[in-house]
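Each chain is listed here by its residues.
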Amino acid sequence: MALSLVSTVDPTQPTKSSHPLQSENIQGRFSTPVELRVQVEPGDFKEGDQQLRLQLGFREDFSGVSLPYNLFALLIIQNDQPLLWLDLTSGCQDPGVSVFPGQEWILPSLTWWGSGGDFDRLQIMVWGRL
């Protein structure tokens, strides 16, 4: 697993965050120059138009050469209920999505419903490696 993120989100406030992805080699686990950027755009709870946007790419300040980051799967859980399961390997039949320095993988924005309370619990899990 490259990232397991659990956060509390106020659906009425816009938020942006970046999270480095992990990988593993013969020396052990390490943080990569690849990050998942998460953006929450508030909306009206009654309309159910909160937007969740995800982008995966190398850090903007990364100027080196690198192997591609291979993204295999993504799971998003909202308030303990699955919101999205995305298997980019087609059941381990395909290699997934490769992202090279200078490229980004952008997930189409997701519309999600707030809980009606003050905050929502959002969990994002990413499987991939450098």
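Below is a summary of the structure that appears in this document.

Structural notes on the pairing of strand E9 (residues 120–129)
When you tally the buried positions in E9, you get seven out of 10 residues, the bulk of the element. In this sheet, E9 lies alongside strand E1 (residues 3–9) in antiparallel orientation, the contact comprising seven bridges. The partner of Thr8 across the bridge, within E9, is Arg121.

Structural notes on the packing of aromatic side chains
What the rule picks out here adds up to two aromatic pairs. Between Trp85 and Trp127, the aromatic rings sit 5.9 Å apart at their centres with planes inclined by 75°, giving edge-to-face as the arrangement. Residue Trp85 is located in strand E6 (residues 81–87), and its partner Trp127 is located in strand E9; the two are separated by 42 residues in the primary sequence. On the basis of relative accessibility, which here comes to 51%, the residue Trp85 falls in the exposed class. Judged by relative accessible area, Trp127 falls into the partly exposed class, the value being 27%.

Looking at the environment of Leu86
By secondary structure assignment, the location of Leu86 is in strand E6. For the pair Leu86 and Thr111, spaced 25 residues apart in sequence, the C-alpha separation works out to 15 Å. Residues within four places of Leu86 in sequence aside, it is in contact with Phe72, Ala73, Leu74, Trp105 and Leu107.

Comments concerning the pairing of strand E2 (residues 15–25)
Here is the key point about a regular strand: its side chains alternate between the two faces of the sheet. In this structure, E2 lies alongside strand E3 (residues 28–41), joined through 10 bridges in antiparallel fashion. Within E3, the residue paired with Glu24 across the bridge is Arg29. What sits between the antiparallel neighbours E2 and E3 is a turn of two residues.

Observations regarding the nonpolar core
Membership of the largest hydrophobic core comes to 27 residues, with the highest contact counts inside it found for Leu21, Leu36, Leu74, Ile76, Ile124 and Val126. Within the residue set of this core, elements represented by two or more residues are E1, E3, strand E4 (50–58), strand E5 (69–78), strand E8 (104–112) and E9. When neighbours within four sequence positions are excluded, Ile76 is seen to be in contact with Leu52, Leu54, Gln81, Pro82, Leu83, Leu84, Leu110, Leu122, Gln123 and Ile124.

A closer look at the environment of Gly102
Looking at where Gly102 falls in the secondary structure, it is placed in the loop between strand E7 (97–99) and E8. Take Gly102: its relative accessible area is 83%, and that puts it in the exposed class. Separated by 44 residues in the primary sequence, Gly102 and Phe58 have C-alpha atoms spaced 6.9 Å apart.

Examining the environment of Gln13
For Gln13, the location among the structural elements is in the loop between E1 and E2. When its relative accessible area of 43% is taken as the criterion, Gln13 is described as partly exposed. Taking the C-alpha atoms as reference points, Gln13 and Val40, 27 residues apart in sequence, are found 7.9 Å from one another. Not counting the four nearest positions on each side in its chain, Gln13 is found in contact with Val40 and Pro42.

Rules of the game
Residues numbered from 1 in each chain as written. Predicted model: local features only at pLDDT ≥ 70, side-chain atom pairs only at ≥ 80, totals over all residues. Heavy atoms only, no water. Buried < 20%, exposed > 50% of the residue type's maximum accessible area, 1.4 Å probe, protein only. Helix = DSSP H or I, 4+ residues; strand = E, 2+ residues; numbered from the N terminus. Pairing = 2+ DSSP bridges. Phe/Tyr/Trp six-rings, centres within 6.5 Å; stacked < 30°, edge-to-face > 60°. Contact = heavy atoms within 4.5 Å. Core = buried A, V, L, I, M, F, W, Y, C linked by side-chain atoms within 4.5 Å.

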